[in-house]
Amino acid sequence: MRAEDDDDDEAAVLGVAGGADDAALGSTAVRKRFEQDLAALRAADEFVLVLPAGAAAHVEAGIASGLGKRCWAVGPVDRSETLRPISAAMPSDAAGLVDRLRALYIVQ
């Protein structure tokens, strides 16, 4: 097995909830996963943050906003945050998000 394959396997583990908890931040796998996530954010047309979410997901929302992507949040909001206005809308459930997207002709 090639070292690249080991890095791919480790990067995949990092994508699972809690998979990065004990990862060495300077590892090749962490860097590879970061680059994969950043490439996905750059390629996205829009960004949806599903609440509740962890710190990494909120960082991704900030990156998406900084890249000029329209951001949406869906799910229960447990407290008010001053940066929540980066979201175009924050419905409390998936049905509310779909209704909002239909109203904007984003989905049919």
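Residues numbered from 1 in each chain as written. Predicted model: local features only at pLDDT ≥ 70, side-chain atom pairs only at ≥ 80, totals over all residues. Heavy atoms only, no water.

## A short note on the confidence of the model for the chain
Mean pLDDT for the chain: 82, with 80% of residues reaching 70 or above. Helix H1 (residues 3-14) is the least confidently modelled element of the chain, averaging 63 in pLDDT, while strand S1 (residues 46-50) averages 93, the highest of any element. (pLDDT = per-residue confidence, 0-100. Helix = DSSP H or I, 4+ residues; strand = E, 2+ residues; numbered from the N terminus.)

## Some remarks on the pairing of strand S2 (residues 70-74)
The buried fraction of S2 amounts to 4 of the 5 residues, a majority that puts the element mostly inside the structure. On the question of chirality, the crossover connecting S1 to the parallel S2 by way of helix H3 (residues 55-66) is right-handed. (Buried < 20%, exposed > 50% of the residue type's maximum accessible area, 1.4 Å probe, protein only. Right-handed = clockwise from strand over helix to strand, strands pointing away.)

## Re the pairing of S1
Residues of S1 alternate between two faces, with Phe47 and Leu49 buried on one and Glu46, Val48 and Val50 left unburied on the opposite face. Of the strand pairs in this sheet, S1 and S2 are connected by 5 bridges, and their pairing is parallel. For glutamate 46, the partnering residue across the bridge sits in S2 and is arginine 70. (Pairing = 2+ DSSP bridges.)

## Brief notes about the packing of helix H2 (residues 28-43) against H3
Relative to each other, H2 and H3 sit at 45 degrees, their axes nearing to 10 Å. Compared by their axis directions, H2 and H3 come out oblique. Crossing angle aside, the handedness with which H2 passes H3 is right-handed. Touching Asp37, Leu38 and Leu41 of H2 are Glu60, Ile63 and Ala64, all from H3. (Axes fitted to C-alpha atoms, helices over the stretch in contact; angles between N-to-C directions. Parallel < 35°, antiparallel > 145°, perpendicular 65-115°, else oblique. Left-handed = near helix turned anticlockwise from the far one by under 90°. Contact = heavy atoms within 4.5 Å.)

## A short note on the pattern of salt bridges
For the structure on display, the rule yields 3 salt bridges. Two residues, aspartate 37 and arginine 33, come together in a salt bridge whose shortest N-O distance is 3.3 Å. Residue aspartate 37 and its partner arginine 33 are both found in helix H2; the two are separated by 4 residues, about one turn of the helix. Judged by its relative accessible area of 25%, aspartate 37 falls in the partly exposed class. Exposure remark for arginine 33: the relative accessible area of 25% places this residue in the partly exposed category. Notably, a salt bridge pairs glutamate 46 with arginine 70, separated by 3.1 Å at the nearest N-O pair. (Salt bridge = Lys/Arg side-chain N within 4 Å of Asp/Glu carboxyl O.)

## Some remarks on the nonpolar core
Membership of the largest hydrophobic core is limited to 8 residues, which are Leu41, Phe47, Leu49, Leu51, Ala61, Ala64, Cys71 and Ala73. Those elements that place two or more of their residues in this core are S1, H3 and S2. Counting residues in each nonpolar core, the second largest holds 5 residues, with Val74, Ala89, Leu97 and Leu101 among its members. (Core = buried A, V, L, I, M, F, W, Y, C linked by side-chain atoms within 4.5 Å.)

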